Amino acid sequence: MIEPPDVTVVTGAAGWLGRALVAGLTDEAGPWYRPGTIRALVRDPDDAAALADQPHVEVVVGDLRRSSDLTALFAALPPTVDVVHTAGVIHPRRTDEFIEINVRGTANVLAAAHLAGVRRLVHVSSNSPFGTNVHRDDTFRNEEPYAPYYGYGRSKMQAERRVVEHVDAGLNAVIVRPPWFYGPYQPARQTTFFQMVRTGKFPVIGGGRQRRSMVYVDNLVDGIVRAELTPTEPGRGWWIADARPYEVNEIVDTVGRALAAEGYAVTPNRVRLPPLVGRLAERADALMQRTGRYVQPIHVLGEMDKTIACEITAARAELGYDPAVALEEGMRRSIRWCQAQGLEL
Amino acid sequence: MTDEDTRFGTEVLVVGSGAGGAPTAALLAEAGFEVLVVEEGPLVRQGEVVPFSLAQMDRQYRAGGVTAALGLPSIAYTEGCCAGGGTEVNSGLYRRPPEEVLERWRRDHRLVDFDLAEVDEIAGEIEAELSVQAVPGAQIPASEALRRGAANLGWRHDESPRWMTYPDGPDARLGRRQSMTETFLPRAERAGARLVTGLRVDRLVLDGGRAVRAEATRTDDGRPVSIDLDHVIVAGGAIQTPALLQRSGLRRNIGRSLAVHPTVKLAARFADRVNVPDDVPVHQVKEFAPDLSFGGSASNPGLVALALSDSWDRFRDAIADWERVVVYYAAITSEGRGRVHAVPGFRDPVVTYRLTRRDKAVLGRGLSRLALVLLEAGATDVYPSYRGAPVVRTPSDLATVEATFAVGRASVMTVHLCSTVPFGEIETSATDSVGLVRGTTNVRVHDASLLPDAPGVNPQASVMAVAIRNTRRFVETLTPGRKAVT
């Protein structure tokens, strides 16, 4: 890997991944520490204060939908600059936000970074441009045809296409594709996930044998840093996930075990729903998204009976990526983080 | 017309001269049995018709090339109908039966004395007999494109060997296909077997569980022919074999479990003249095998037009450029099953097939994965074969394929038909472990009908191997010498 840059621009720095990334890059005892400055874009001024305490972090308050805000983000930079674009919206109030933030916002960041002559840009994409596997035993290879899953998937696909257009025009950009992630800095919806498992109310659809790739957030930070600092052909993209996909039953069991190990009383019986529920929820999600509405529980339920499994062979081979944390340990760390924040599980 | 032409007698009647019938006839004749092979289609020597042409479809295929299995959607299929059967009309690609498939058949169908090592040894003999080998020298460009696309994606791919002999020199297109009319049929005739073409067997006449006579019709003048026999081995393929057995009153487990490899296709247009109309690609993409495999199809102008026809209004300009267009297919291992029903009063049976939800999903994703391979290979335009398909030029267009593909809009077809008279020792088996039809003492099946499921690769080597293995068991247990007096 090459040396880290003088400045690392991080968009979405107040988000789940953004916070984990900034924490990793500024942790002097950790493997990803870098002496240079982290220039962090946050939308909400309230978030700025929390980040500003950290050493080497310059906070820029701005909205990536406004080009002028991005001019400030990329102003007065030293010679070597990398960008990690983590900003995006996954569970919006209105589906319009998918296009405004994930597509236009990304296009703005790309244009500003390109103009600023950055060294490398890492775009954080998703599994969603590739939809779901066609059956339980199918696994996404590193290269797959686009088959976007509704509004979010379409927006993340279009964002990837913008990245490729800039690469064709000379920008050194690459793409990382994380599936469902977990770990510290998790938002409220993930706390709900723990609560559902603890109380035995997590809705397992069908037999629970569907497989899901997940990624512990620090594994993802590792993959992003490797994508940034490993010289490769621009335009490449890689799945960054835990070492293997997990069956939904295994996820629920493991989280239950992790909660018990951290001292919680876990109710074992689970909510079992027939596959039809998943299909109906998917249809409801599709109908609502067509009218611009987005209802997170329905969306999540509709996706819950699907297999979304990927393999990380390309990231291993090309980036030397080797995920250190697996499900049980990652979930325990995640639970301990929630406890440290005083969150009720 | 003499009595000779309308009344035959033989010790062993082999019905059908394809991958099952031809090796069976050769081995039996060599073991000293009196063998009569009857074939419904004509004898057409290689070189008489252009491979993959309309003339070939007319002469060597059943019903001029295409028949359809009814269902939603219906699935078109083709059957060879000529001396040598399907081996005369296909691409000559050869795949040794995969060990895990043989093991699955042995285990799940409780095949007795089904020795995998023996099947492997037989496969070795077949490969020698048919000169199975890789193409020497350069591949045709359409094959090379598939290889390149898969290699760019890091997807597993290989070259399927073929039953071909090649003259010295670099041009692989001058190869001669080692089909049944070049190999096992002459071998059978040299050992004394008789081959009669243009004769269709309508039914077997059974006395108790014993077939005594076959009633047949000459296809040229419609005259009836009667054939007395001691043993009959039916090898008419997975559609005609169960239909003949049903017409003969044999119905138990027969024709109920048709298995196929359904395929969807696309046409890909390149910047260069990649089309070699009388040859087919030998590379296959096996990254998703056995669920899903990709390969190249024959691509003469007629077949290119057929591939473009589902969205003809928008795709038709590509036909003028057919020299730059090649047809490729995605084949799946289907979970669905079909049926063959012989209907009294009709010559051809009714065939039905039902794709499962998973089958349909794998076909759709298979088509877009195949399109991705061809974009990677440098295709400028990809035309998926279904109504309302977009022209795929960029990766984003694949999202449109995913959003608009429905199996019901596609031309689903198959060339691999199996499993309508499955062998084994379980409740659903139609014959015993060596192909003897249950409830009979001398009616055997030696063709693709026996294979308990579709093997996920070209099945003809499996058909030959099983036919030869069963013929060995026949020769071990019976001594030559005609019993019936005609």
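None of the values given here were measured: they were computed from a predicted structure.

Thresholds applied
- Residues numbered from 1 in each chain as written.
- Chains lettered and ligands numbered in written order.
- Predicted model: local features only at pLDDT ≥ 70, side-chain atom pairs only at ≥ 80, totals over all residues.
- Helix = DSSP H or I, 4+ residues; strand = E, 2+ residues; numbered from the N terminus.
- Rg over C-alpha atoms; globule rule 2.2 N^0.38 Å.
- Buried ≥ 20, exposed ≤ 12 C-beta atoms within 10 Å, placed from the backbone.
- Contact = placed C-beta atoms within 7 Å.
- Core = buried A, V, L, I, M, F, W, Y, C linked by C-beta atoms within 7 Å.
- Domains from an automatic or database assignment.
- Pairing = 2+ DSSP bridges.
- Nonpolar A, V, L, I, M, F, W, Y, C, P; charged D, E, K, R; others polar.
- Axes fitted to C-alpha atoms, helices over the stretch in contact; angles between N-to-C directions.
- Parallel < 35°, antiparallel > 145°, perpendicular 65-115°, else oblique.
- Left-handed = near helix turned anticlockwise from the far one by under 90°.
- pLDDT = per-residue confidence, 0-100.

A. Up close: the overall build of chain A. Each helix and strand in chain A was counted, giving 12 helices and 13 strands. Taking 345 residues into account, the globule formula puts the C-alpha radius of gyration at 20 Å, and chain A, at 19 Å, falls close to it. Within chain A, the proportion of its 345 residues that are buried is 50%. In chain A, the share of contacts with a sequence separation of at least 24, taken over all contacts with a separation of at least 6, comes to 79%.

B. Looking closely at the overall build of chain B. The secondary structure content of chain B amounts to 14 helices and 23 strands. In summary, chain B has a C-alpha radius of gyration of 22 Å against a globular reference of 23 Å for 486 residues, a match within 12%. Taken along the three principal axes of its C-alpha coordinates, chain B extends 70 × 50 × 45 Å. Counting the 486 residues in chain B, one finds 56% classified as buried. Counting only contacts in chain B whose residues sit at least 6 apart along the sequence, the fraction spanning at least 24 positions is 72%.

C. Structural view of the nonpolar core. With 237 residues, the main nonpolar core has Val35(B) and Ala371(B) as its most contacted residues. The biggest single contributor to this core is helix H12 (residues 357–376) of chain B, with 9 residues. Summarising the domain contributions, this core has at least three residues from each of domain 1 (3–43 + 82–92 + 95–129 + 179–254 + 419–477) and domain 2 (135–167 + 262–414) of chain B. Setting aside residues up to four positions removed in sequence, Ala371(B) forms contacts with Pro145(A), Leu266(B), Val382(B), Pro384(B), Val392(B), Leu398(B) and Val401(B).

D. Region of interest: the pairing of strand E17 (residues 325–332) of chain B. Residue and element names in this part refer to chain B. With respect to burial, E17 is a largely interior element, 8 of its 8 residues being buried. Neither face of E17 is left uncovered, since the one carrying Val325, Val327, Tyr329 and Ala331 and the one carrying Val326, Tyr328, Ala330 and Ile332 both have all their residues buried. Pairing analysis gives 7 bridges linking strand E14 (residues 263–269) to E17, with the strands arranged antiparallel. From the neighbouring strand, Ala267 faces E17, where its bridge partner is Val327. Here strand E16 (residues 292–296) pairs with E17 via 5 bridges, running antiparallel. Each residue of the ladder has a partner; that of Leu292, found in E17, is Ile332.

E. Just the interface of chain A and chain B, in detail. On the side of chain B, 17 residues touch chain A, which itself brings 13 residues to the contact. Residues that form the side of chain A that touches chain B fall into these classes: 7 nonpolar, 3 polar and 3 charged.

F. Spotlight on unusual backbone geometry. Geometrically, the link from Ala289(B) to Pro290(B) is a cis peptide bond, its omega value of 0 degrees lying close to zero. Even without being a glycine, Tyr185(A) presents a positive backbone phi close to 70 degrees. Along the chain, Tyr185(A) falls in the loop between strand E7 (180–182) and helix H6 (188–198). The backbone of Ser131(B) sits at a positive phi, close to 55 degrees, despite the residue not being glycine.

G. The arrangement of the pairing of strand E12 (residues 224–234) of chain B in detail. Residue and element names in this part refer to chain B. Here strand E1 (residues 7–15) runs beside E12; their pairing, made up of 8 bridges, is parallel. Paired with Val12 across the two strands is His231, which belongs to E12. Looking at chain direction, strand E11 (residues 210–218) and E12 are connected through 5 bridges and run antiparallel. Residue pairing across strands places Arg213 opposite Asp228, the latter belonging to E12. Counting the residues that bridge the hairpin from E11 to E12 gives 5 residues, and of these Gly222 lies at a positive phi of roughly 75 degrees. Here 3 bridges tie E12 to strand E23 (residues 443–445), and the two strands are oriented parallel to one another. Each bridged residue has a counterpart across the sheet, and for Ile233 the counterpart in E23 is Arg444.

H. Structural view of the sheet that holds strand E7 (residues 162–165) of chain B. All names here are of chain B. Spatially, E5-E7-E8 is the arrangement adopted by the 3 strands of the open sheet, whose pairing is antiparallel. This sheet does not close on itself; its edge strands, each paired only once, are strand E5 (132–133) and strand E8 (176–177). For E7 and E8, the ladder comprises 2 bridges, and the chain directions are antiparallel. Across the sheet, Met164 pairs through a bridge with Arg177, a residue of E8.

I. Structural view of the domain arrangement of chain B. All names here are of chain B. Along its sequence, chain B is carved into domain 1 (3–43 + 82–92 + 95–129 + 179–254 + 419–477) and domain 2 (135–167 + 262–414). One C-alpha centre belongs to domain 1, the other to domain 2; they are set 31 Å apart. The interface is formed by 11 residues belonging to domain 1 together with 13 residues belonging to domain 2. Looking at the side of domain 1 that touches domain 2 residue by residue, the classes come out as 4 nonpolar, 5 polar and 2 charged.

J. Broad picture of helix H2 (residues 21–30) of chain B. Residues and elements named next belong to chain B. Among the 10 residues in H2, 9 count as buried, and that is most of the element. Buried within H2 are the following residues: Gly21, Ala22, Pro23, Thr24, Ala25, Ala26, Leu27, Leu28 and Ala29. Where H2 is buried, its residues contact E1, strand E2 (35–39), helix H8 (184–190), E12 and helix H14 (460–477). Of the residues one or two after H2, Gly32 is the one with positive phi, at around 100 degrees.

K. Structural detail: the packing of helix H6 (residues 116–129) of chain B against H14(B). All names here are of chain B. Interaxial distance between H6 and H14 falls to 9 Å at its minimum, and their mutual angle equals 110 degrees. Comparing the axis directions of H6 and H14 gives the class roughly perpendicular. Handedness of the H6/H14 crossing: right-handed. Here Glu118, Val119, Ile122, Ala123 and Ile126 of H6 come into contact with H14, specifically with Ala461, Met464, Ala465, Ile468 and Arg469. Residues belonging to the contact of H6 with H14 are distributed by class as follows: 8 nonpolar, no polar and 2 charged.

L. Structural context of helix H13 (residues 395–404) of chain B. Every buried residue of H13(B) is accounted for by Pro395(B), Asp397(B), Leu398(B), Ala399(B) and Val401(B). On the buried face of H13(B), the contacting elements are helix H5 (150–168) of chain A together with H12 and strand E20 (381–384) of chain B.

M. Focus on the confidence of the model for chain B. Mean pLDDT over chain B: 93, with 97% of residues reaching 70 or higher. Model confidence for the complex is summarised by a pTM of 0.93, with the ipTM given as 0.92.

N. Representation of the environment of Glu262(A). Residue and element names in this part refer to chain A. One can find Glu262 in the loop between helix H8 (248–261) and strand E13 (271–273). Glu262 sits in the partly exposed class, given 16 other C-beta atoms within 10 Å. Taking the C-alpha atoms as reference points, Glu262 and Val217, separated by 45 residues in sequence, lie 20 Å from one another. Aside from chain neighbours lying at most four places away, what touches Glu262 is Arg332, Ile335 and Arg336.

O. Highlighting the sheet that holds strand E6 (residues 173–177) of chain A. Residues and elements named next belong to chain A. On the basis of which strands lie adjacent, the open sheet formed by 7 strands has the order E3-E2-E1-E4-E5-E6-E11 and parallel pairing. Each of the sheet's edge strands pairs with one partner strand only, and the pair in question is strand E3 (57–61) and strand E11 (237–239). With direction set aside, neighbouring strand axes in the sheet form an average angle of 20 degrees. Here E6 runs beside E11; their pairing, made up of 3 bridges, is parallel. Bridge pairing links Ile175 to Gly237 in E11.

P. Highlighting the packing of helix H1 (residues 16–26) of chain A against helix H7 (residues 217–229) of chain A. Residue and element names in this part refer to chain A. Put simply, H1 and H7 touch, their axes get as near as 10 Å, and they point 65 degrees apart. Between H1 and H7, the interaxial angle falls into the category roughly perpendicular. The chirality of how H1 crosses H7 is right-handed. Packed against H1, whose contacting residues are Leu17, Ala20, Leu21 and Gly24, the element H7 presents Val217, Asp218, Leu220, Val221 and Ile224 at the interface.

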